[in-house]
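Residue-level listing of the chains:
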Amino acid sequence: MAKIAIDNGHGLNTPGKRTPTFPDGRQIREWEFNYPTAQKLKQVLERCGLETIMVSDTQEDTPLATRVSRANNAKADVFVSIHFNAFKGEWGTHGGVETHYYPTSEKGKRLAQLVQAELAKATGLRDRGIWASNFYVLRETKMPAILCECGFMDNMEEAKLMLDENYQWTVAEAIGRGICAYLGVNYVPKPEPKKEEIAPEGKFYKVQVGAFKERKNAEALLEQLKRAGFPGFIKLE
Ligand SMILES: [Zn+2]
């Protein structure tokens, strides 16, 4: 079974890694997107029958060397690092998604291509393509490795997506599909929630909370329900 090392990039309090200030005064940390999205990616990959190892599963800023050695020691088959980009740290109109790989890694490049295609399609954000980058985690890991930038923190519209659970899922599923394609593994989609059952025409699902021989007991229960804020009535059947 293939093993995927997942890196959620940075710590909660890593200096600089945050949005500019929103009009309401708040800033979003990059970790607030990276971490939950990494957790979702873990679920996606495990659903597809893959093994995972989290290499920076904490609020702390795990040293790059630790992340890399965890992946190398676990003999992971793929390394993926999840990030949210920044341009100048001032609100601007730049934006989009991109995926990095190590310049001399052909496998890394192919993995990057497959993941980037899914990421661009699923998010609908500008497709900034793949980049050959001499990043530490890409260079020092022994397996094909990619680093995904899933939007820009200093684009206000994209920054608003960071805390959006649906967006986090969209990204996690897209990266998962790309990794599955790379490994030749069947991607298993998220199960659809079951449609609520609808009663046939003229029938209803009824909720009844009690039936009593003595009316005073029925009245006592009705009183309790009313105090709890539920409507009710007594009917002799
Ligand atoms: Zn980052």
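Keep in mind the model is a prediction, meaning the values are calculated, not measured.

A. Representation of the sheet that holds strand β5 (residues 127-132). Pairing within the open sheet is mixed, and its six strands lie in the order β2-β1-β3-β6-β4-β5. For this open sheet the edge positions go to β2 (51-54) and β5, each flanked by a neighbour on one side alone. Sheet twist, expressed as the average angle between the axes of neighbouring strands with direction ignored, equals 20 degrees. With four bridges connecting them, strand β1 (residues 3-7) and β2 associate as parallel partners. Opposite K3, over in β2, you have E51 as the bridge partner. Sheet strands touched by helix α2 (residues 64-73): β1, β2 and β3 (78-85). Its angle to β1, the strand with the most contacts, is close to 170 degrees. Contacts between helix α6 (residues 165-183) and the sheet are confined to β1, β3 and β6 (145-152), with β3 contributing the most and set at about 150 degrees to the helix.

B. Seen up close, the packing of helix α3 (residues 106-123) against α6. Closest axis-to-axis distance for the α3/α6 pair is 8 Å, and the angle between their directions is 145 degrees. Where α3 crosses over α6, the handedness of that crossing is right-handed. Across the interface between the two elements, R110, L111, L114, V115, E118, L119, A122 and T123 of α3 pack against T170, V171, E173, A174, I175, R177, G178, I179, A181 and Y182 of α6. In the contact of α3 with α6, the residues fall into 11 nonpolar, three polar and four charged.

C. Region of the structure containing the pairing of β6. With eight of eight residues buried, β6 lies mostly within the body of the structure. Summarising the sheet, β3 and β6 pair through six bridges and their orientation is parallel. Looking at β6, one finds that V80 is bridged to I146. Both strand β4 (residues 97-101) and β6 contribute to a ladder of four bridges, which runs antiparallel. For H100, the partnering residue across the bridge sits in β6 and is L147.

Reading the values: rules and limits
- Residues numbered from 1 in each chain as written.
- Predicted model: local features only at pLDDT ≥ 70, side-chain atom pairs only at ≥ 80, totals over all residues.
- Pairing = 2+ DSSP bridges.
- Helix = DSSP H or I, 4+ residues; strand = E, 2+ residues; numbered from the N terminus.
- Axes fitted to C-alpha atoms, helices over the stretch in contact; angles between N-to-C directions.
- Contact = placed C-beta atoms within 7 Å.
- Left-handed = near helix turned anticlockwise from the far one by under 90°.
- Nonpolar A, V, L, I, M, F, W, Y, C, P; charged D, E, K, R; others polar.
- Buried ≥ 20, exposed ≤ 12 C-beta atoms within 10 Å, placed from the backbone.

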